[in-house]
Structure formats: C-alpha cells, structure tokens
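# Inside the fold
Residue strings, one per chain:
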Amino acid sequence: MHKLLHQAEAVLFDFDGSLCRIFATLTDWAAADRVLSVLGLAGVALPPHLITTSDPIEVARFLATVDDREIALRAEQELRAVELEAVAGAAPTPGGHEAFRAVAASGRPVAIVSNNSPEAVEAYLALHRLTGLTDVVLGRMPGRPGSMKPHPYLVTMACMLVEAEPGGCVLIGDSVTDIEAAKAAGTLAIGLASQPDRAAPLQAAGADAVITGMTDLLATA
Ligand SMILES: [Mg+2]
C-alpha cells in the first residue's frame, strides 16, 4: 500500500466511506424512504428488495429501470435534495480529511469520484474547508444512473481530467463497486475495510491493497 500510494501520479478518492459517512445524522433509511415515497406516490411498482432497502444508492440504480423519465428525474431530484441536507450532519471518517490533505500537499492531483451527487460532495468540501484541494469532483449524473460505479465512466473521466494515465492512478474506496470501477478503468485500487469482514470482498474484487482505516495512509501520503 505504501509503495502504491507513494508512486501514484494522481490519487482518486471515493467520497462516502472514505471521507465521511454522509448519512449519519440524516440516516440512510430516512433518505432511501424519501426517494421511495416519490416513486410510490407516482404509482411505480417497486421490487421487494427495494421496499426494505436502507441504501439510497440502490434506489438510484433502480431509477435506470423506471420507464417514465419524468418520474425517474423527480425521484433523482429528491435524492439530490436529501443528500444535500445530509451533508450538514455527515460524520467525517477518522483520518479521511488528513489523508486527503496530505496527498494534496504532496503536489499530486487529487480527485473525488462519487456515486453521490457532485453538489453534495462540493457542499461537504466547503463545510469542512477542503475546497480548493481538488478541482475534480465527479458524481452521479442526473438521468444517468448507469454511469455510477462499478461502471468505469467516472474513474476514466477523473483520470482524463487530472491528465494522468489510468495505470498511474490509484483509487481509494470502501466498496466492492469502487474496486470494480477502478479495475475496469485500469487504475490501481486501495480498498478501505473499516470492519474486518469487509476486507475479503474487496480483495476478491481485485484490490491491490487493503487498509483498515484512512489513518493507515497518513504515514506515506
Ligand atoms: Mg464509498
């Protein structure tokens, strides 16, 4: 991991998990529920797994399958509003900001590649005085849920925008979808397993290294 991070030309950070837990004060359940009620009120039939989901991103993925584009966009708008509200009460990941600052201070480009809305990420950066450390913030595009990780689109775009070859970039993320997106885009990947049972799936997805906390990055950033 030390070598990976040290040799990287550019470093890409996932947002939710790596820098903070966005749904902390405003819970993921409440967020998912609000978006689902937009769909429910519009009469969209929901698959059983979605009715009980606590993952707003899972709901965002489902929007790709909603035939009525207007309803899908209305639900996406609601999710964007909820994410923005959630930012105020988001819980910073221990060591996350420090790692982000340390990489930026090393003079290398840093980017954020998130399945959350870019507006929510920008709002979080502003709230925590991290704006200006990166000018590349990529997030979920309205009406294009298929562009979310594990699709490589956002990772590939980030590499282009920081003007680095994918092979010279490393992505740090806490989800299997982060690792899958990184591998598909041709970057290296560091998995963040904040709980012991999260390590094996990240490794299986092809993570080049797995860390147990963002503080692990500090010594070498
Ligand atoms: Mg994440």
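Thresholds, definitions, all that
Residues numbered from 1 in each chain as written. Predicted model: local features only at pLDDT ≥ 70, side-chain atom pairs only at ≥ 80, totals over all residues. Heavy atoms only, no water. Pairing = 2+ DSSP bridges. Helix = DSSP H or I, 4+ residues; strand = E, 2+ residues; numbered from the N terminus. Axes fitted to C-alpha atoms, helices over the stretch in contact; angles between N-to-C directions. Contact = heavy atoms within 4.5 Å. Domains from an automatic or database assignment. Buried area = accessible area lost by both parts, 1.4 Å probe. Salt bridge = Lys/Arg side-chain N within 4 Å of Asp/Glu carboxyl O. Polar contact = N/O pair within 3.5 Å; in protein donor to acceptor, adjacent residues only side chain to side chain. Nonpolar A, V, L, I, M, F, W, Y, C, P; charged D, E, K, R; others polar. Buried < 20%, exposed > 50% of the residue type's maximum accessible area, 1.4 Å probe, protein only. Donors = N, O, S within 2.8 Å, 3.2 Å for Na, K, Ca; no water. Parallel < 35°, antiparallel > 145°, perpendicular 65-115°, else oblique. Left-handed = near helix turned anticlockwise from the far one by under 90°.

### Focus: the sheet that holds strand 8 (residues 209-211)
Spatially, six strands are ordered 5-4-1-6-7-8 in an open sheet, and the strand pairing comes out parallel. Only two strands of the sheet have a single partner each, and these edge strands are strand 5 (136-138) and strand 8. Going across the sheet, the axis of each strand differs from the next one's by a mean of 20 degrees, ignoring polarity. Here strand 1 (residues 10-13) pairs with strand 4 (residues 110-113) via three bridges, running parallel. Its bridge partner lying in strand 4, leucine 12 is registered against alanine 111. Along the sheet, helix 7 (residues 118-127) contacts strand 4 and strand 5; its crossing angle with strand 5, the most-contacted strand, is approximately 135 degrees. Its contacts with the sheet place helix 9 (residues 176-185) against strand 6 (169-173) and strand 7 (188-192), and it is angled at close to 175 degrees to strand 7.

### Remarks on the domain arrangement of the protein
Domains assigned within the protein are domain 1 (2-21 + 91-217) and domain 2 (28-87). For domain 1 and domain 2, the distance between their C-alpha centroids amounts to 24 Å. In this assembly, 19 residues from domain 1 lie in contact with 13 residues from domain 2. Counting each side, the surface lost to burial between domain 1 and domain 2 is near 1200 Å², with a carbon and sulfur contribution of 57%. A salt bridge links glutamate 83 to arginine 140; the nearest nitrogen and oxygen atoms lie 2.8 Å apart. Along the contact surface separating domain 1 from domain 2 lie eight residue pairs in polar contact (both at pLDDT 80 or more). At six residues, the largest contribution of residues to the side of domain 1 that touches domain 2 is made by helix 7. Looking at the side of domain 1 that touches domain 2 residue by residue, the classes come out as 10 nonpolar, five polar and four charged.

### Here's the deal with the pattern of salt bridges
Following the criterion strictly, the structure yields 10 salt bridges and no others. Residue glutamate 119 is joined to arginine 80 by a salt bridge in which the shortest nitrogen-to-oxygen separation is 3.3 Å. Placement of the pair is glutamate 119 in helix 7 and arginine 80 in helix 5 (residues 69-87), with a sequence separation of 39 residues. Glutamate 119 sits in the partly exposed class, given a relative accessible area of 41%. Accessibility expressed as a relative area gives 12% for arginine 80, which makes it buried.

### What to know about the coordination of the magnesium ion
Bound to the magnesium ion are the protein donor atoms Asp14 (OD), Asp16 (O) and Asp174 (OD), situated 2.1 Å from the metal. Sequence spacing of the donor residues for the magnesium ion, all on one chain, is D-x1-D-x157-D.

### Observations regarding the packing of helix 5 against helix 7
Running from N to C, helix 5 and helix 7 cross one another at 15 degrees; their axes reach a closest spacing of 9 Å. The angle between helix 5 and helix 7 falls in the class roughly parallel. The interaxial crossing formed by helix 5 with helix 7 has right-handed handedness. Between helix 5, through Arg80, Glu83, Leu84 and Val87, and helix 7, the contact on the second element is made entirely by Pro118, Glu119, Ala120, Ala123, Tyr124 and Leu127. Tallied by class, the residues present in the contact of helix 5 with helix 7 amount to seven nonpolar, no polar and three charged.

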